[in-house]
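These are the residues of each chain, in order.
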Amino acid sequence: MTNSLFDLSGRTALVTGSTRGLGQAIAKGLGNAGAHLVLNGRSVAAVETAAAALRSDGYTVHEAAFDVTSETEVMAAFERFDAAGLEIDILVNNAGIQHRQPLVELALSDWQRVIDTNLTSAFLIGREAARRMIVRGRGKIINIGSLTSELARATVIPYTVAKGGVKMLTKGMAAEWARSGIQTNGIGPGYMLTDMNEALIKDPKFDAWVKARTPAERWGKPEELVGAAVFLSSAASDYVNGQMIYVDGGMLSVL
Ligand code: GCO
């Protein structure tokens, strides 16, 4: 007797920034739970490559290369979904970039780029997805936050501000869309072994700090986000709204 509570069969999941890193791991995990996948990235070639790899493993995969910061491209992508009869049941707003630089040296263009990619994109894509989910009376939206949704780290302030905004956007979406059968929640990854963090992982001092500051005394693996993602994508979370689940080895819980 399998437990259907976490079964995503018959559902289609759009994961932004899913050609690598956390997005790729989350997409594969949702596919393992039965979802059909819509992969996204800015690069057509990277989306094609990631889709081919997942298809060779037996997953049902659609390709949606678009710039998540472009309202025009986001709206055109959803019009293509509509034309193809592709209903996005699950949206994971994962796309994000990092920019490490002291605020006093930061250019406005870099500030804007991080805010646009990490926060505004979740609004743009969430708005298009919700317009359609509301009609159907159901939907799951998962926004990917960060430890920096709660605590600031010097030199990553635009990222911190954006991820703090992701937490409040999650609550805002819940406030407006829960009545329409949409559950919006967030996942806050801890320090994960990703390309984005390569410089930190390779820095012996930073690596030692992460291991000392984290109760689990290690970095997280991208696939360790899958459980929370499947939970928040499934019927198991039908009465959960506006919450952040921190998958951080306990870092946020200790001094
Ligand atoms: C950094 C890291 C962090 C982590 C993650 C922590 O420079 O401190 O990139 O931002 O990636 O977001 O939750």
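This text follows the structure it describes.
Predicted model, so just to flag it, every value in this text is computed and none were measured. (Residues numbered from 1 in each chain as written. Predicted model: local features only at pLDDT ≥ 70, side-chain atom pairs only at ≥ 80, totals over all residues. Heavy atoms only, no water.)

1. Looking at the overall build of the protein chain
- Along the protein chain, the regular secondary structure elements total 8 helices and 7 strands.
- On C-alpha atoms alone, the protein chain measures out to a radius of gyration of 17 Å, which is about the 18 Å that the 2.2 N^0.38 rule sets for 255 residues.
- Summarising the internal contacts of the protein chain: among those between residues at least 6 apart in sequence, 72% fall at separations of at least 24.
- Summing over all exposed atoms, the protein chain offers an accessible surface of approximately 11,800 Å²; the carbon and sulfur share of this is 55%.
- With 25 positive and 26 negative side-chain charges, the protein chain shows a separation of 3 Å between the mean positions of the two kinds. (Helix = DSSP H or I, 4+ residues; strand = E, 2+ residues; numbered from the N terminus. Rg over C-alpha atoms; globule rule 2.2 N^0.38 Å. Contact = heavy atoms within 4.5 Å. Areas by Shrake-Rupley, 256 points an atom, 1.4 Å probe, with all protein chains shown as cover. Lys, Arg positive; Asp, Glu negative; His and termini not counted. Charge placed at Lys NZ, Arg CZ, Asp CG, Glu CD.)

2. Quick word on the packing of aromatic side chains
- With the rule as written, the count across this model stands at 6 aromatic pairs.
- Ring geometry for Y191 versus F206: centroids 5.5 Å apart, planes at 65°, classification edge-to-face. Placement of the pair is Y191 in the loop between β6 (182-189) and α6 (198-201) and F206 in helix α7 (residues 204-213), with a sequence separation of 15 residues. F206 matches Y191 in its accessibility class, with the two residues each being buried.
- Put simply, the rings of Y191, F206, W209 and W219 touch in pairs and so form one group of aromatic residues. (Phe/Tyr/Trp six-rings, centres within 6.5 Å; stacked < 30°, edge-to-face > 60°. Buried < 20%, exposed > 50% of the residue type's maximum accessible area, 1.4 Å probe, protein only.)

3. Quick notes on α7
- Looking only at α7, the buried set comprises F206, D207 and V210. Seen along its axis, α7 keeps its buried residues to an arc of 100°; they face one direction. Turned more than 90 degrees from where α7 packs its buried face, P204, K205 and A212 sit exposed.
- Where α7 is buried, its residues contact α6.
- A side-chain oxygen of the first residue of α7 lies 2.9 Å from the backbone nitrogen of K205; this N-cap is D203. (Arc of directions from axis to C-beta. Polar contact = N/O pair within 3.5 Å; in protein donor to acceptor, adjacent residues only side chain to side chain.)

4. As for the nonpolar core
- In terms of nonpolar packing, the biggest core is built from 30 residues, with I26, L30, L37, L39, V92, I187 and L225 touching the most fellow members.
- Sorting elements by how many residues they give to this core places helix α8 (residues 226-233) first, with 5 residues.
- The contact partners of L39, leaving out residues within four places of it in the chain, are V15, S18, A27, V47, A50, A51, L54, V61, H62, E63 and A64.
- In terms of nonpolar packing, the next biggest core, distinct from the first, is built from 22 residues, A64, V68, V74 and A130 among them. (Core = buried A, V, L, I, M, F, W, Y, C linked by side-chain atoms within 4.5 Å.)

5. Regarding the site of the ligand
- Near the ligand lie 13 residues; those nearest to it are R100, R153, P189, Y191 and N197.
- Between an oxygen atom of the ligand and a side-chain N or O atom of R100, the distance comes to 2.7 Å.
- Interatomic distance of 2.7 Å between a side-chain N/O atom of Y191 and an oxygen atom of the ligand. (Near = heavy atom within 4 Å.)

6. Focus on the environment of Y159
- Residue position: Y159 is located in helix α5 (residues 157-177).
- Along the backbone, Y159 and H99 are 60 residues apart, and their C-alpha atoms lie at a distance of 7.1 Å.
- Ignoring anything within four residues of it in the chain, the contact list for Y159 reads I97, Q98, V114, N118, S146, T148 and M196.

7. Notes on the pairing of strand β1 (residues 12-15)
- Where burial is concerned, the two faces of β1 agree: the one with T12 and L14 and the one with A13 and V15 are both buried.
- Of the pairings in the sheet, the one linking β1 to strand β2 (residues 36-41) comprises 4 bridges and is parallel in character. The residue bridging A13 from the neighbouring strand is L37, located in β2.
- In terms of handedness, the path from β1 via helix α1 (residues 21-32) over to β2 forms a crossover that is right-handed.
- Bridge count for β1 against strand β4 (residues 90-93) is 3 bridges, and the pairing is parallel. Each bridged residue has a counterpart across the sheet, and for V15 the counterpart in β4 is V92. (Pairing = 2+ DSSP bridges. Right-handed = clockwise from strand over helix to strand, strands pointing away.)

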